[in-house]
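Residues per chain are reported as follows:
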Amino acid sequence: MKFIFRIVGILLFAFMIFNCSDNRCNEEVDVLLKAEIIVNDPILTNAGFLETLSIYSPAWTDSVHYSSANFMLELSPFADTTVFVFTSQAWKDTVKIFYERDLVYLSQECGFVTYYKIDSTRYTSTIDSLVWVNKKLTTLTDGHVKIYF
Amino acid sequence: MAQKTDEKKKDGWEITGIKIGMDVGRFSNFLFKPEQTSYAGSLDVGFNNKYFIIAEAGYSEINLDRDNYNYISDGTFYKIGLDYNMLKKYPTDFLGAGFRFAYSTLEHSANNIRFESEHWGSYYTEKESETNQTMWLEASFGLKGEIFKNVYFGWSAIIKVRFYGGTDDKFQPYDIPGFGKAANSISIGANYFIYYQIPFNRK
C-alpha cells in the first residue's frame, strides 16, 4: 500500500512539472493582406508601370518599392480604414480599404493579434477594377486582393 | 430483539466521518506558475467508509505580466460528486474512484497590449473585462492515508471533460479555475490534499 502510494505520487508530481509551458511563441502572428497587381493596359505595360511601382500610406513615414506583381501589405491596426497610394512614374492611385477589427488573444505565449474583416473598398481612376479573393485576414489565412490596372 | 436491531444498523447508512481538506498541490504554483495564486478546499462526508459525498470549492487569480501585454483574471469553481472506497481491510484509509460535476466562472481582462509594426509604429490598447462560465465532468482515482491521528494525506489522478463554455474565439481564458488550460477540452491532472477528519462517530 505504502509503495503504491509513494510511486504513483512521484509520477503525478513529475507529470505536473513536465506539463509546464516553455513560454515561447511558436505560432504565426503576422496578419497580412496579399495584393496582386495585374496590368492589362498596354500603355502602362509599355511604360514599365510595375518596374517602378512604389506603395505607401499617408500615415507611414516610409514607402515600399515592389518590382514584382505580388506583395504583402499590413492594414492599420489602429483605425478602421487604411489608405494605400500606388505610385509609378506619372501615375498615382489611391485605394481606401474599410474594415472591422477584432482583438484576438492568440495564446499566452504569443499575446494579442488583430484580425480584420474587409467591408468595402474605394479606388481612383487608373485602377480598372479590384477583386477580393479573401476578405478575412487572420494568422491562419492571409487576405487576398487582385488589383487590375 | 436487541440482536435484530444491531443487524438492522449494520445494513443501514451510517455517517462514519467528516473530513475537511486543503489542496496543497496548488502551492507548487509559487514555483512553477508564479503568475497564478489559487486556493481550494473540500468537505467530504463518509457513509459506512464506503461512499463519500464530496463538495469542493476554490478561487484562482492570475496576473500575467508579459512584455507585450498584461493579463488579469479572477474566478471561482465549485464541484460536487461521489467517491467510492474499494478498501475493505483498512477501513479508515481510502483507495478508490469517484466522479464530480464542476462549475466555474471567471472574469478576465487585459491591458498594456502593445503592437509594433515596421510601418505603423507602436500602439497600446486594452481588452475590456469579460465573463466566462464553464462546466465539466471529472473522473478520479486516488488514495488517502492517515499520516497522523485524524490527519490524512491523499492524492488523486483526474481526467476532466469539458462540456459547456470555456472557449472564446476572440478572448480565450488563460486558465479555467479548477479545470486548467482552456485550450483543451480534456484535461488530465493531479490533486494533492491534506485532510482533517472531525473526530465524529469514529470507532
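Refer to the structure presented above.
Residues numbered from 1 in each chain as written. Chains lettered and ligands numbered in written order. Predicted model: local features only at pLDDT ≥ 70, side-chain atom pairs only at ≥ 80, totals over all residues. Heavy atoms only, no water.

Caption draft 1: Seen up close, the overall build of chain A. Helices and strands together make up the secondary structure of chain A, namely two helices and 10 strands. When the helices and strands of chain A are placed in sequence order, the string is α-β-α-β-β-β-β-β-β-β-β-β. For chain A, with 149 residues in total, the buried portion stands at 41%. A separation threshold of at least 6 residues defines the contact pool for chain A, and within that pool the share at least 24 residues apart is 52%. Carbon and sulfur atoms make up 54% of the accessible area of chain A, which totals about 8,100 Å². (Helix = DSSP H or I, 4+ residues; strand = E, 2+ residues; numbered from the N terminus. Buried < 20%, exposed > 50% of the residue type's maximum accessible area, 1.4 Å probe, protein only. Contact = heavy atoms within 4.5 Å. Areas by Shrake-Rupley, 256 points an atom, 1.4 Å probe, with all protein chains shown as cover.)

Caption draft 2: Up close: the sheet that holds strand β1 (residues 33-38) of chain A. Residue and element names in this part refer to chain A. Spatially, β4-β1-β10-β8 is the arrangement adopted by the four strands of the open sheet, whose pairing is mixed. Two strands close off the open sheet at either side, each with one partner strand: β4 (70-73) and β8 (129-134). Each strand of the sheet is rotated relative to its neighbour by a mean of 25°, with strand direction disregarded. (Pairing = 2+ DSSP bridges. Axes fitted to C-alpha atoms, helices over the stretch in contact; angles between N-to-C directions.)

Caption draft 3: Spatial organisation of the sheet that holds strand β10 (residues 186-198) of chain B. Residue and element names in this part refer to chain B. Taken together, the eight strands give a closed barrel; going around it, the order is β1-β2-β3-β4-β5-β6-β7-β10, and neighbouring strands pair in antiparallel fashion. Each strand axis lies, on average, 25° off the axis of its neighbour in the sheet, ignoring direction. Two elements, strand β1 (residues 15-23) and β10, share six bridges in a ladder whose sense is antiparallel. Paired with D23 across the strands is F193, a residue of β10.

Caption draft 4: Inspection of the interface of chain B and chain A at higher detail. If you look at the interface, chain B gives 40 residues, while chain A gives 38 residues. Between chain B and chain A lies a buried interface of about 3,200 Å² when both sides are counted; carbon and sulfur atoms form 68% of it. When the buried surface of chain B facing chain A is broken down by residue, H119(B), W120(B) and W155(B) rank first, second and third, together holding 25% of it. Here chain B is connected to chain A by one salt bridge. Of the charged contacts, one joins K170(B) and D102(A) as a salt bridge, the two residues approaching to 3.3 Å between their closest N and O atoms. Counting residues per element, the ones that place at least two in the side of chain B that touches chain A are β5 (94-117), β6 (121-148), β7 (151-165) and β10 of chain B. Among the residues forming the side of chain B that touches chain A, the class breakdown is 21 nonpolar, 12 polar and seven charged. (Buried area = accessible area lost by both parts, 1.4 Å probe. Salt bridge = Lys/Arg side-chain N within 4 Å of Asp/Glu carboxyl O. Nonpolar A, V, L, I, M, F, W, Y, C, P; charged D, E, K, R; others polar.)

Caption draft 5: Geometry of the packing of aromatic side chains. Summed over the entire model, instances satisfying the criterion amount to 21 aromatic pairs over all chains. Relative to F171(B), the ring of F112(A) lies with its centre 5.9 Å away and its plane at 45°, an arrangement referred to as tilted. Of this pair, F112(A) sits in strand β7 (residues 111-123) while F171(B) sits in the loop between β7 and β8 (175-176), placing the two residues on different chains. The interplanar angle of 40° and the centroid separation of 6.2 Å between the aromatic rings of F101(B) and F163(B) together place this pair among those described as tilted. Of this pair, F101(B) sits in strand β5 while F163(B) sits in strand β7, placing them 62 residues apart in sequence. Note on F101(B): relative accessible area 34%, which makes it partly exposed. One aromatic cluster is present, built from ring pairs that chain together Y105(A), F112(A), Y69(B), Y71(B), F171(B) and Y174(B). Above the face of the Y152(B) ring, K19(B) is positioned so that its terminal group lies 4.7 Å from the ring centre. Its guanidinium or amino end placed over the ring of F52(B), K144(B) lies 5.5 Å from that ring's centre, counting from NZ or CZ. (Phe/Tyr/Trp six-rings, centres within 6.5 Å; stacked < 30°, edge-to-face > 60°. Lys NZ or Arg CZ within 6 Å of the ring centre and 35° of its normal.)

Caption draft 6: Molecular detail of the pattern of salt bridges. All names here are of chain B. Going through the model one piece at a time under the given rule, you end up with nine salt bridges over all chains. Measuring nitrogen to oxygen at the nearest pair gives 2.9 Å for the salt bridge that ties D23 to R26. Overall, the relative accessible area of 5% leaves D23 in the buried class. Residues D44 and K144 are paired through a salt bridge, measuring 3.6 Å at the closest nitrogen-oxygen approach. Of this pair, D44 sits in strand β2 (residues 36-47) while K144 sits in strand β6, and the two are 100 residues apart along the sequence. One salt-bridge network, held together by shared partners, links E56, D83 and R100.

Caption draft 7: Broad picture of the state of the cysteines. Residue and element names in this part refer to chain A. Counting across every chain of the model gives one disulfide over all chains. Shown here is the disulfide that connects C25 with C110, its sulfur atoms set 2.0 Å apart. One disulfide, between C25 and C110, carries an S-S torsion of 100° and so falls in the right-handed class. In this pair, C25 sits in the loop between α1 (2-18) and β1 while C110 sits in the loop between β6 (91-107) and β7, placing the two residues 85 residues apart along the sequence. C110 gets classed as buried once you look at its relative accessible area, which sits at 7%. (Disulfide = S-S within 2.5 Å.)

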